[in-house]
Amino acid sequence: MSDDLGRSAVVAKTIVLGKLANSRTVLQRALRDHPDKIDTGSVGRVVAELWNAIERVQRESDLEVIRGIEGDTAKQYFGVFDELITAQKKDFTFHERNRRPPLDRVNALLSFVYTLLYHDIRSAIESCGLDPAVGFLHRDRPGRMSLALDLMEEFRSFFADRLVLSLINLKQVQGKEFAIAENGAVLMNDDARKKVLAAYQTRKQDAVYHPFVGKNMHIGILFQVQALLMARLIRGDIDGYPPFFWR
């Protein structure tokens, strides 16, 4: 399936739709909950752009075009991410997504939480008998777990990004818990890392409703459920991969 670009595009489309929809919901929640603290105009424009992107992806069948739309909308989403930070603005300012190394405190938090999520998703995939290195949206590359990166996409915004925002906005982490290395990398100290790990494990216990399965479940179980649904697709038990849509 992965070697067939047409079949890969079908799977990649649903993955991207899940990511776009969940990213849009995160921004809509911010508009609803903090209209007096954010630039509603700029955030609202990205909400509209994400809806346009969802409609474009639904009509698209070319894998490269789908990947291009995903990349463009990720830039737009992160272009207003700083608006979602409503506390400790002096220490936690976000300009753009950067990694290897992260160059500010927000990116350091995002990279760390994404890494935790990546390993959880990889474990879920392997427990279902799938090869985490063979993906659809992300293509094969030595040393990269492409399928794990695929399944991460629908979780990034509503789970990982919102966790980082909560840590900052609720002042559970502070600027003094970070240091700058000689190469410019911003690193968390041990206290911050322990706080993030504890918050990550706690957030996995939050219950969400899965519209496809029709049940409430912990987010930590949701990783396994999505991996099982992907396995069912690959084995021919279902016709399409149903991403998780957060409400």
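Notes on the structure follow. Bear in mind the structure is a predicted one, so any value in this text is a computation, not a measurement.

## Focus: the pattern of salt bridges
If you walk through the whole model with that rule in mind, you get eleven salt bridges. Here Lys204 makes a salt bridge to Asp120, at a shortest N to O gap of 3.1 Å. Of this pair, Lys204 sits in the loop between helix H6 (190-203) and strand S3 (207-210) while Asp120 sits in helix H4 (residues 105-127), placing them 84 residues apart in sequence. With a closest N to O distance of 3.4 Å, Asp206 and Arg203 form a salt bridge. What makes Asp206 partly exposed here is its relative accessible area of 34%. Arg203 sits in the buried class, given a relative accessible area of 16%. Where salt bridges share partners, they join Lys19, Glu70, Glu153 and Arg156 into one cluster.

## Here we look at the environment of Phe244
By the secondary structure assignment, Phe244 is in the segment after helix H7 (219-234). Note: C-alpha distance between Phe244 and Leu222 (22 residues apart in sequence) is 8.5 Å. What Phe244 contacts, discounting residues up to four positions off in sequence, is Asn22, Glu154, Phe158, Val208, Tyr209, His210, Pro211, Leu222 and Gln226.

## Regarding the packing of helix H5 (residues 146-169) against H7
Put simply, H5 and H7 touch, their axes get as near as 11 Å, and they point 140° apart. Helix-helix and strand crossings are classified by hand; for H5 and H7 the assignment is right-handed. Together, Leu147, Leu151, Glu154, Phe155, Phe158 and Phe159 of H5 and Ile219, Leu222, Phe223, Gln226, Ala227 and Met230 of H7 make up the contact between the two elements. Residues of the contact of H5 with H7, tallied by class, amount to ten nonpolar, one polar and one charged.

## Some points on H7
Relative to the 22 Å expected for 16 residues at 1.5 Å per residue, H7 spans 23 Å between its end C-alpha atoms, a close match to the ideal helical length. Looking only at H7, the buried set comprises Ile219, Leu222, Phe223, Val225, Gln226, Ala227, Leu229, Met230, Ala231 and Leu233.

## Points about the packing of aromatic side chains
One pass over the structure, following the stated rule, counts twelve aromatic pairs. With a centroid separation of 5.3 Å and an interplanar angle of 65°, the aromatic rings of Phe81 and Phe94 are classed as edge-to-face. Here Phe81, found in the loop between helix H3 (63-79) and H4, pairs with Phe94, found in the loop between H3 and H4; they are 13 residues apart in sequence, far enough to count as distant. Grouping aromatic residues by their ring pairs yields a cluster made of Phe155, Phe158, Phe159, Tyr200, Phe223, Phe244 and Trp246.

The rules behind these values
Residues numbered from 1 in each chain as written. Predicted model: local features only at pLDDT ≥ 70, side-chain atom pairs only at ≥ 80, totals over all residues. Heavy atoms only, no water. Salt bridge = Lys/Arg side-chain N within 4 Å of Asp/Glu carboxyl O. Helix = DSSP H or I, 4+ residues; strand = E, 2+ residues; numbered from the N terminus. Buried < 20%, exposed > 50% of the residue type's maximum accessible area, 1.4 Å probe, protein only. Contact = heavy atoms within 4.5 Å. Axes fitted to C-alpha atoms, helices over the stretch in contact; angles between N-to-C directions. Left-handed = near helix turned anticlockwise from the far one by under 90°. Nonpolar A, V, L, I, M, F, W, Y, C, P; charged D, E, K, R; others polar. Expected span 1.5 Å × (residues − 1). Phe/Tyr/Trp six-rings, centres within 6.5 Å; stacked < 30°, edge-to-face > 60°.

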